[in-house]
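# Structure at a glance
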Amino acid sequence: MSRIHFVVNETAKTAYRDQAAREGKSLGQWLREAADEKLAAARPAMFTLEELREFNAACDARRSDAPEPDWREAKRVIADSRVAGLGE
């Protein structure tokens, strides 16, 4: 395992440490997770095969057997709500 050192002011260090404590984590664990989240957010929008399988499984788990709403009815409700909102 490698170490990374970086300089922060005391106020930032205190804020990081306090947030880590609120989450029940060590400062090191909290910083590693924050860095991992930042790195993941910067990745291109490509999925690994495993991520794609997990995504599909999550979608399948949320799927409902309820019928899709009628599109004409949905458009009518949207239009009615727009008109009703104009009077306010």
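In what follows, the structure referred to is the one given above.
Below, the structure is looked at part by part. In every chain, residue numbers begin from 1 and rise along the written sequence. Restriction of local features to residues with pLDDT of at least 70 applies here, the model being predicted, together with a cutoff of 80 or more for giving and counting side-chain atom pairs; totals for whole chains, interfaces and linings are based on all residues. Only heavy atoms go into the side-chain values, all of them from the structure, while hydrogens and water stay out.

## Examining the pattern of salt bridges
Any carboxyl oxygen of Asp or Glu within 4 Å of a side-chain nitrogen of Lys or Arg constitutes a salt bridge here. In the structure shown here, the tally under the stated rule is six salt bridges. Asp 60 is paired through a salt bridge with Arg 63; the nearest N and O atoms lie 3.9 Å apart. Categorising residues by exposure relies on relative accessible area from a 1.4 Å probe, with only protein chains included: less than 20% of the type maximum marks a residue as buried, more than 50% marks it as exposed, and the intermediate range marks it as partly exposed. Its relative accessible area of 45% is what places Asp 60 among the partly exposed residues. In this structure, Glu 73 engages Arg 76 in a salt bridge whose closest nitrogen and oxygen atoms are separated by 2.5 Å. Residue Glu 73 and its partner Arg 76 are located together in helix 4 (residues 71-86), separated by three residues, close to a single helical turn. Judged by relative accessible area, which is 40%, Arg 76 ranks as partly exposed. Through salt bridges with shared partners, a single ionic network connects Glu 23, Lys 25 and Glu 33. Numbering of helices and strands runs from the N terminus, with a helix taken as a DSSP run of H or I at least four residues long and a strand as a DSSP run of E at least two residues long.

## Here's the deal with the packing of aromatic side chains
Note on aromatic pairs: the rings of Phe, Tyr and Trp (six-membered ring only in Trp) are paired at centre separations within 6.5 Å, and the planes decide the class, stacked below 30 degrees, edge-to-face beyond 60, tilted for the rest. As enumerated under the stated definition, the model contains two aromatic pairs in all. Here the aromatic rings of Phe 47 and Phe 55 are separated by 6.2 Å at their centres, their planes lie at 25°, and the arrangement is stacked. Given a relative accessible area of 57%, Phe 47 falls into the exposed group.

## Notes on the packing of helix 1 (residues 10-22) against helix 2 (residues 27-42)
Relative to each other, helix 1 and helix 2 sit at 95°, their axes nearing to 8 Å. The angle between the axes of helix 1 and helix 2 places the two elements in the roughly perpendicular class. Along the contact surface, helix 1 presents Tyr 16, Arg 17, Gln 19 and Ala 20, while helix 2 presents Leu 27, Trp 30 and Leu 31. Along the lines of polarity and charge, the residues of the contact of helix 1 with helix 2 split into five nonpolar, one polar and one charged. To get an axis, fit a line to the C-alpha atoms, keeping to the stretch in contact for a helix; angles then go from 0 to 180 degrees between the N-to-C directions. Any angle that is under 35 degrees is reported as roughly parallel, and any over 145 degrees as roughly antiparallel; angles of 65 to 115 degrees are reported as roughly perpendicular and all others as oblique. Note on contacts: a residue pair qualifies if any of its non-hydrogen atoms lie within 4.5 Å across the two residues. Polar here means any residue outside two lists: the nonpolar Ala, Val, Leu, Ile, Met, Phe, Trp, Tyr, Cys and Pro, and the charged Asp, Glu, Lys and Arg; Gly therefore counts as polar.

## Re the layout of surface pockets
Its boundaries defined by the atoms lining it, the largest pocket holds a volume of some 610 Å³. Lining the largest pocket are 18 residues, and of these Ile 4, Phe 6, Gly 28, Leu 31 and Arg 32 lie nearest its centre. For the lining of the largest pocket, the secondary structure elements donating two or more residues are helix 1 and helix 2. Among the residues making up the lining of the largest pocket, the classes are represented as eleven nonpolar, three polar and four charged. Within this scheme a cavity is a closed region of a 1 Å grid, computed over the protein atoms alone, that accommodates a 1.4 Å probe without allowing it to escape, whereas a pocket is open but has protein on both sides within 12 Å along at least five of seven lines; lining residues each have an atom within 4 Å of a point. Grid points are joined across faces, edges and corners, and a volume is the space filled by probe spheres set on the points.

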